[in-house]
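Remarks on the overall topology
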Amino acid sequence: MEFEPRDQFEQRQRKLEQIQALGHEAFPREFRWTESPAELLKDYAAVQGPELEASRKEVRVAGRIVSYRLMGKAGFAHLQGAGKRIQIYVKKDVVGEKGFQLFHLLDLGDHIGVRGHLFRTRTGELTIWVDELFFLSKALLPLPEKWHGLADIELRYRQRYLDLIVSEKSRAVYQTRARIVRELRQFFDGRGYIEVETPMMHPIAGGATARPFVTHHNTLDIDLYLRIAPELYLKRLTVGGFDRVYEINRNFRNEGISTQHNPEFTMLEFYEAYSNYRDLMELNEQLFAQVAKSITGSTKVKFGEHELDFGKFTRLTMREAIVKYWPEEAGPTPHLDEFESAAALRARLHESVDDLAQAHHEHEPWQNQAKQQMVRVLKASFLAILRGSEEKGEPVGKTIGDIFEAVAEDKLIQPTILYDFPTDISPLSKQKPEDPALTERFEIIAAGMEIANGFSELNDPAEQERRFAAQIARGGDEAPKQLDVDYLRALCHGMPPTAGEGIGIDRLTMLLTDSHSIRDVILFPLLRPEAKPEDQAAAEGEKA
RNA sequence: AGGGGCGUAGCUCAGUGGUAGAGCAGCGGCCUUUUAAGCCGAAGGUCGUGGGUUCGAUCCCCACCGCCCCUACCA
């Protein structure tokens, strides 16, 4: 093994040998401790020095050395354990010649155990007076800089272990994430739901529109897809009589990577028989308020410059959202009847493009750069939407969805329930009885991000088959390659009226931890693998 | 995929068309209540990689690699 910095690596290997020569095992197997550094700091926060020294209660504590100050015949260090740091004081008189030799051979990053008792230093810091040192494990590579920590974002993602050692903030995010998941489990368990695990390898990728990852099973000699959603399996379970069922697990989508997208991400998906999407909206209002409150202490949560209030959801239909956020530069807002026909909507968009061009022309660039930018981007989006509609023959519902995304989605900062989605983009949702162009579907949007997606589940097998067939006929990378006949068969056995929903755990964690990149809430986000130096040289050789 | 930015010691960062600097970490020495401990000394680098311009490139130009941000695809 060879690592940079080579001299420090070798230096520390030599020290390990010297530690062994002192009679210590290089890699001991255990250490029996009585308290963690975190527990000591908490339990003895209010206990004064004289009281500590009067009782001289023996403690045994293990941790990683994260600071080290040697002063002749005594020294201080901090041991980090369970995320907190306790100081230790090591005196040659007390630990003896060999004990002090061991102390000399320690480096930042090493794990040790200590036996001793608590006292307070002159400055009042709670400290362990060490009677005996135990060597536990050597860090052969140095820790990041002690004051600034690991500032290189790439290193924080690639070497998360270092980030976690050095950054209490990062550590806290993942602890919060665990609490969020626990909270969600409690919420659903308390409502009579059962937690299940359905396949992650699917013969047909369904339940969402996304490009899947493909893999292969050797013995069966079949291609399989990593699941893009658990939806169709969970709904089979509602047919099977699990009336309230949920799963928390990973989905995989072979799509782009961004601050809001990682190729694998965690979803909570749940189904509740005999309920509809209105019931779910109410359930969501309770759920989000409760989770936000128990995680952050309040339903009002700081997210960047905003304060998101999960105690108060706005409800808007998709069409209302488009009308509400339609910018004046885009001309008159569309009328309700214009959402009915593709031709009317296209005409509206063409007019808007002209109005936007006009607006762009009228504004002097230096007057309001942000507005100029908005007008330019919106015009480009509208032109793209028109191309989709006119050249690719996309259905009107798709056009409406695209318009929503172009004009409204990023404006929805406060938690919003956006509902009544076009049937054309909702192949698994039940239609509204009074308007088959719309479905009983909603999304929860906060900070401009889609957090959850739920609907009254389509349980009419004939209609489901028509929708699947339409999807397949339309084609594209994101459409299923074949009909999921077994799913239709399951529906034919009778699925109760059911409402279901998926909640993005990563994004929810972002909101509740004020994290602005999904990579900050996923321990090991997908990055391009590090090239070994020789690979890199070879790659360049080939090109030359 | 397109646009912008970044890449210098293990880490955090300065810097210059003329052979590269600080702090922390590491090494040697002094120091028995310090705490970003201190003081003295020495060491540490193919300035992301490869080309080009130049008498001379870490710096200027081009390509490539990696990361970040925005846009596009998507949740």
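Residues numbered from 1 in each chain as written. Chains lettered and ligands numbered in written order. Predicted model: local features only at pLDDT ≥ 70, side-chain atom pairs only at ≥ 80, totals over all residues. Heavy atoms only, no water.

1. Quick word on the sheet that holds strand S5 (residues 126-137)
The strand order around the closed barrel formed by 5 strands is S1-S2-S3-S5-S4, and the pairing between neighbours is mixed. In this sheet, adjacent strand axes meet at a mean angle of 55° when their direction is disregarded. Contacts from helix H4 (residues 92-104) reach strand S1 (58-71), strand S2 (74-81), strand S3 (84-91) and S5, with the element oriented near 40° to S5. (Pairing = 2+ DSSP bridges. Helix = DSSP H or I, 4+ residues; strand = E, 2+ residues; numbered from the N terminus. Axes fitted to C-alpha atoms, helices over the stretch in contact; angles between N-to-C directions. Contact = heavy atoms within 4.5 Å.)

2. Re the protein's contact with RNA strand B
By nearness alone, 56 residues border RNA strand B, and Thr123, Lys146, His261, Glu450 and Arg528 come closest of all. A breakdown of the atoms of RNA strand B within 4 Å of the protein gives sugar and phosphate a share of 59%. In this structure, a base nitrogen belonging to RNA strand B sits 3.2 Å away from a main-chain N or O atom of Gly72. Lys73 places a polar main-chain atom, nitrogen or oxygen, 3.3 Å from a phosphate oxygen of RNA strand B. Residue assignment for the surface near RNA strand B shows that the elements contributing at least two residues are helix H1 (6-21), S1, S2, S3, helix H5 (153-158) and helix H17 (533-543). It is H5 that contributes the most residues to the surface near RNA strand B, 5 residues altogether. In the surface near RNA strand B, the residues fall into 18 nonpolar, 16 polar and 22 charged. (Near = heavy atom within 4 Å. Polar contact = N/O pair within 3.5 Å; in protein donor to acceptor, adjacent residues only side chain to side chain. Nonpolar A, V, L, I, M, F, W, Y, C, P; charged D, E, K, R; others polar.)

3. Comments concerning the confidence of the model for chain A
Taken residue by residue, chain A gives an average pLDDT of 91. The fraction at 70 or more is 95%. Per-element confidence in chain A is highest for strand S6 (residues 194-195), whose mean pLDDT is 98, and lowest for H17, whose mean pLDDT is 42. Counting interchain partners and residues more than four positions distant, the pLDDT-below-50 stretch residues 533-544 has 1 contact. Listed scores for the predicted complex are pTM 0.93 and ipTM 0.89. (pLDDT = per-residue confidence, 0-100.)

4. Looking at unusual backbone geometry
Although it is not a glycine, Ala82 adopts a positive phi angle of roughly 50°. Within the secondary structure, Ala82 sits in the loop between S2 and S3. Here the phi dihedral of Ala447 falls at roughly 55°; this positive angle occurs in a residue that is not glycine. Relative to the helices and strands, Ala447 is located in the loop between strand S17 (435-446) and strand S18 (449-456).

5. With respect to the packing of aromatic side chains
Aromatic rings considered in pairs are described by the distance between their centres and by the relative angle of their planes. For the structure shown, the criterion picks out 18 aromatic pairs. Look at Phe188 and Tyr246: their rings are 5.7 Å apart centre to centre, the planes differ by 40°, and that puts the pair in the tilted class. A residue pair is termed long-range when its members are at least 10 positions apart, and Phe188 in helix H7 (residues 168-189) and Tyr246 in strand S10 (residues 244-252) qualify at 58 residues. Here the basic side chain of Arg191 rests over the ring of Phe187, its NZ or CZ set 3.8 Å away from the ring centre. (Phe/Tyr/Trp six-rings, centres within 6.5 Å; stacked < 30°, edge-to-face > 60°. Lys NZ or Arg CZ within 6 Å of the ring centre and 35° of its normal.)

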